[in-house]
Amino acid sequence: MRISFLFCFLFLSLQFVQAASINLNKLNVLISEDIKPQVRASALEILQEEIGKRSKISLSQSQTWNTAGKFTIALALSSSAELNGKKLPVSTDKKSPEFQPEGFRIVFQDNVIWIIGSDSRAVIFGIGELLRTSSLSKGQFLVDDHLNFASAPKYSLRGHQIGYRNTANSYDAWTVEQYDQYIRELALFGTNAIENIPPDGGNDNSPHFKISREEMNVKMSEICDKYDIEYWMWTPATVDLTDAAIRTKELDIHEANYPKIPRLDNIFFPGGDPGHNHPKDVLPFLKDLHARLVKHHPNAGIWISLQGFSQEQVDYFYQYLEQNKPTWLRGVVSGPSSPPISETRFRLPKQYKHRHYPDITHNVRCDYPAPNFDQAFALTIGREGINPMPVFYAGVHNKYAPFTDGFVSYSDGCHDDVNKVIWSQRGWDPNKNVLDIMKEYSNFFFENKLEETAAEGILGLERNWDGSIIDNGGIEPTLAYWKNLEATNPQLSSNWRWQMLVIRAYYDSYVRHRKIYETGLEKQANQVLLQANVLGTDAAMKQALDLVNLADSQPIERESRKKIEDYAQALFTSIGLQTSVEKYKASNSQRGCILDFVDYPLNNRWWLADQFDSIRGMGSEEQKQEYLNLIANWENPGEGGYYDDVSNIANSPHVTTTVYDAVDFGWWASGYSRWRLSSQVYQVNPILEYEDLDPNARYMIRVTGYGDALIRIDGKRLEPLVYEKELGGFKEFIVPKDVVGDGKMTVTFDRPEESHLAWRHYSRISDVWVIKR
């Protein structure tokens, strides 16, 4: 027993020793002269400001080793043998991370925190690691006394586009100081590139601009140079490059930006989106542009995307590379509407780099939409609402990163802040645990005591969006969780990242309660419509409309609604987030205007009002009753029948297809469409699978949507009985008896030839009924 007790005592003592922390509450900083001058200055500024505001501990720079009871943070390069007479504690293995590009080592040794980088930029990344993983609070700066950590990035490019333009939902309201702080914070999480969208000679002014786009372009370049990270510019050409005069003017417009800025590492030229020129015109243009570029920035490179290119244009591009082997081209960018990333890597000659341009800012109608997104969220929080999706985007990164040299993401606002951090950290280490990344996020941006609780809360917000909003029982506990965090942490009430997370918790719950309430009202209204033969059609329509309109006259969850409005105001004040066109002057209603759509109808009351107006003009009471009966039984196909609201995650049990880019969520009338909700989710060519059909029965299929419906059942094309192509019109088909002999059938739709149309005008299928006759 004494031996066991002694063993346990020694084991626990050892654990305590291993977990011991040192409080660096008295500090100075010693910086090697080998580090670039601007990084020496910015590194000191970061340490003083970021440590100071979290702990109230002041740091001063020293030129010598201080032995007067102070700890020292020593910043050096691994290529240096010593710092002021002290040998650097680096590995003898030159393959160690601190010798790799952008790699670093952090060591606590003899009262010194060493941050040793392979280059100047790596020192910034090492500082980020220290600040993200240490414990900072008033009077305390706790680090592990056994600290010895080294790391180097897996991918060489880890960047984000944060363009200063009117289109953005927040960046256009930022000051130079806010841009500096944000770029610094991204760098501390491993970001090494920032992309801006500079002025192009057009009129793209914002009512929120603090300075002009020309001035901010210069300032952003200066900020990137301050932290020694790459500065990129996204510069398309939307003019006709076959016109010599227009082409020369376009070159002049592009070049005008170059001499004004101190740093420019790369130009990204989107081949399409926007742009419509053939690569035979684009590539010579870029060659000439490069000649102008290197006059001002000799080491800068040109990148091109193949967005929107036809197969012929893609093939032309690769033939050009093979024949001309252009040295002026640095790489290819894969973004929305580009050829597949893997194909691009396989076809691209190895001397050219390959960059991913992931859209991390949009929730629908985009490359990587929120999976299993309920229509209620698509209609309210919309395309550019606050969207922390750490697990999802960590997976997206790791799926495509092996085919690239890294990424610069597409972002149009601070609402995707969590996603930026996920991409930066996964670009550094693809195996880093998502929860650990979120804990570092919470530790750094909130408080050490909240690193686990806030991280779990962020993951809870992501789960709020998974699946049917009504059936998602996690939304209410997530709100309760964040309400508790909100109440117990009033010191964070002005922190914009905190504000975004809390408003999301309230918003999700509010939308869910509304969806449940308003759906229930519509069910009651449908029951009234079924009594039209007793009540009379006019009375039935009035009672039904009064019922569904209770959503407006007797609204629910007013406390949550008020919280949403208050946080929207707070976010506009703290970070310039524009959640309303009218109130906060957002550039348009798709750009994060969650306040404008917070009360958008989640039942069909607008559509019913319009339908009732049409019904009142019908000739006979019987005709009116027939149409009211159709409306009341819209989702009821009758006994032995089936109904699918195509692409509605909550009501499409037989649909087996998913639209990869979520263009199946309609956006009509600037988001204020009065059409039936089921008509606003659809697919072009859905596949539906049915089982347990009665082999002795006859079935009819009814379809609505827009345009053509070229239907097949088990591969057999059907001829229609009714074929109305207008929006909301019906198409009906008899199912051949022999098809259902095995009790199963597969319904598919051929895609019509509509290549001459914009995708928004394609034929589509929104509702499918299988009716047993």
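Keep in mind that what you see is a predicted model, and the values were worked out from it rather than measured. The residue count restarts for each chain, going from 1 along the sequence in the order it is written. The predicted origin of the model limits local features to residues at a pLDDT of at least 70 and limits the giving and counting of side-chain atom pairs to 80 or more, whereas totals for whole chains, interfaces and linings rest on all residues. Remark: hydrogens and water are excluded; side-chain values derive from all non-hydrogen atoms of the structure.

1. Observations regarding the sheet that holds strand S1 (residues 21-23)
Whether parallel or antiparallel, the strands of a sheet pair through hydrogen bonds between backbone atoms. Whether two strands pair depends on DSSP finding at least two bridges between them. Helix and strand definitions follow DSSP, with helices as H or I runs of at least four residues and strands as E runs of at least two, each counted in order from the N terminus. Read from one edge of the open sheet, three strands run S1-S10-S9, paired in antiparallel fashion. Looking at strand neighbours, the two that pair on one side only are S1 and strand S9 (135-137), the edges of this open sheet. Averaged over all pairs of adjacent strands, the angle between their axes in this sheet comes to 20°, without regard to strand direction. Convention adopted: a line fitted to C-alpha atoms gives each axis, helices being fitted over their contacting stretch, and angles between N-to-C directions are expressed from 0 to 180 degrees.

2. Considering the confidence of the model for the protein chain
Summary of the metric used: pLDDT quantifies the predictor's per-residue confidence within the range 0 to 100. This prediction gives the protein chain a mean pLDDT of 95; 97% of its residues lie at or above 70. Throughout, a residue-residue contact means that at least one pair of heavy atoms, one from each residue, lies within 4.5 Å. Taken as a whole, residues 1-17 scores under 50 in pLDDT and shows two contacts with residues more than four places along the chain or in a different chain.

3. A short note on a negative patch on the surface
Together, Glu 689, Glu 691, Asp 692, Asp 714 and Asp 742 make up a region of like negative charge exposed at the surface. When accessible area is computed with a 1.4 Å probe and restricted to protein chains, residues below 20% of their type maximum are described as buried, those above 50% as exposed, and intermediate ones as partly exposed. A residue is classified by how much of its surface remains accessible, and Asp 742, at 55% relative accessible area, is exposed. Any residue with relative accessible area above 30% and no salt bridge may belong to a patch, with like charges joined within 9 Å and the nonpolar Val, Leu, Ile, Met, Phe, Trp and Tyr side chains within 5 Å. Accessible areas in this description were obtained via Shrake-Rupley with a 1.4 Å probe; residue shielding takes into account the shown protein chains only. Throughout this description, the term salt bridge denotes a Lys or Arg side-chain nitrogen within 4 Å of a carboxyl oxygen of Asp or Glu. Note that His is not counted, nor are the chain ends; the positive residues are Lys and Arg, and the negative ones are Asp and Glu. For this purpose, a charge sits on NZ of Lys, CZ of Arg, CG of Asp or CD of Glu.

4. Quick look at unusual backbone geometry
Residue Asp 273 is joined to Pro 274 through a cis peptide bond whose omega torsion reads 0°. One non-glycine residue, Lys 585, adopts positive backbone phi at about 60°. In this structure, Lys 585 sits in the loop between helix H21 (581-584) and helix H22 (605-616). Here the phi dihedral of Ser 670 falls at roughly 55°; this positive angle occurs in a residue that is not glycine. With respect to the helices and strands, Ser 670 occurs in the loop between strand S20 (642-645) and strand S21 (688-690). The exposure class of Ser 670 is partly exposed, given its relative accessible area of 46%.

5. Describing the environment of Ala 394
Residue placement: Ala 394 occurs in helix H11 (residues 390-400). Not counting residues within four places of it along the chain, the set of residues in contact with Ala 394 comprises Ile 422, Arg 426 and Val 434.

6. Examining the sheet that holds strand S2 (residues 27-31)
The six strands lie next to each other as S3-S2-S4-S8-S7-S11, forming an open sheet whose pairing is mixed. Across the chains shown, the open sheet's two edge strands, defined by having one partner strand only, are strand S3 (59-61) and strand S11 (148-151). Looking at each pair of strands side by side, their axes are set apart by 15° on average, direction ignored. Bridge count for S2 against strand S4 (residues 71-77) is five bridges, and the pairing is parallel. Bridged to Leu 30 within S4 is Ala 74. Set on the sheet, helix H2 (residues 37-55) makes contact with S2, S3 and S4; between it and S3 the angle comes to about 160°.

7. What about the packing of H11 against helix H14 (residues 451-464)?
Packing of H11 against H14 leaves a shortest axis separation of 8 Å and a crossing angle of 80°. Taken together, the axis directions place H11 and H14 in an arrangement best described as roughly perpendicular. Residues Pro 390, Val 391 and Phe 392 of H11 form the contact with H14, whose participating residues are Ile 458, Leu 459 and Glu 462. Following the grouping adopted for this structure description, the nonpolar residues are Ala, Val, Leu, Ile, Met, Phe, Trp, Tyr, Cys and Pro, the charged ones are Asp, Glu, Lys and Arg, and the polar ones are all others, Gly among them. By residue class, the composition of the contact of H11 with H14 is five nonpolar, no polar and one charged. Roughly parallel refers to an angle under 35 degrees, roughly antiparallel to one over 145, roughly perpendicular to one between 65 and 115, and oblique to any angle outside these ranges.

8. Digging into the environment of Asn 299
Among the secondary structure elements, Asn 299 is positioned in the loop between helix H7 (279-296) and strand S16 (301-305). Along the backbone, Asn 299 and Trp 769 are 470 residues apart, and their C-alpha atoms lie at a distance of 62 Å. Contact partners of Asn 299, with chain neighbours within four places excluded, come to Asp 265 and Arg 330.

9. What about the packing of helix H3 (residues 120-133) against helix H13 (residues 434-445)?
Running from N to C, H3 and H13 point in directions that differ by 85°, and their axes come no closer than 8 Å. Considering the angle they form, H3 stands roughly perpendicular to H13. Packed against H3, whose contacting residues are Leu 131, Arg 132 and Thr 133, the element H13 presents Glu 440, Asn 443 and Phe 444 at the interface. Residues that form the contact of H3 with H13 fall into these classes: two nonpolar, two polar and two charged.

10. Remarks on the nonpolar core
In this description, a nonpolar core means a group of buried Ala, Val, Leu, Ile, Met, Phe, Trp, Tyr and Cys residues linked to one another through side-chain atoms lying within 4.5 Å. Grouped together as the largest cluster of nonpolar side chains are 156 residues, with contacts concentrated most on Ile 73, Leu 75, Ile 127, Phe 141 and Tyr 179. No other element matches the eleven residues that helix H16 (residues 496-529) contributes to this core. Counting 27 residues, the second-largest nonpolar core is a separate cluster that includes Leu 545, Leu 547, Ala 551 and Ala 632.

11. Focus: the packing of aromatic side chains
Aromatic pairing here means that ring centres of Phe, Tyr or Trp (its six-membered ring) are within 6.5 Å. Orientation follows from the plane angle: under 30 degrees is stacked, over 60 is edge-to-face, and everything else is tilted. Considering all chains together, one arrives at 45 aromatic pairs under this definition. Taken together, a centroid distance of 5.0 Å and an interplanar angle of 75° make the contact between Tyr 171 and Trp 174 edge-to-face. Judged by relative accessible area, which is 0%, Tyr 171 ranks as buried. The structure contains a cluster of three or more aromatic residues connected by ring pairs, namely Tyr 164, Tyr 171, Trp 174, Tyr 179, Tyr 182, Phe 209 and Trp 496. Throughout this description, the term charge over a ring refers to an Arg CZ or Lys NZ atom that lies within 6 Å of the ring centre and within 35 degrees of the ring normal. Over the aromatic face of Phe 189 sits the side chain of Arg 132, whose NZ or CZ is 5.2 Å from the ring centroid. In this structure, Lys 731 is placed above the aromatic ring of Tyr 723, and the distance from its NZ or CZ to the ring centre is 5.5 Å.

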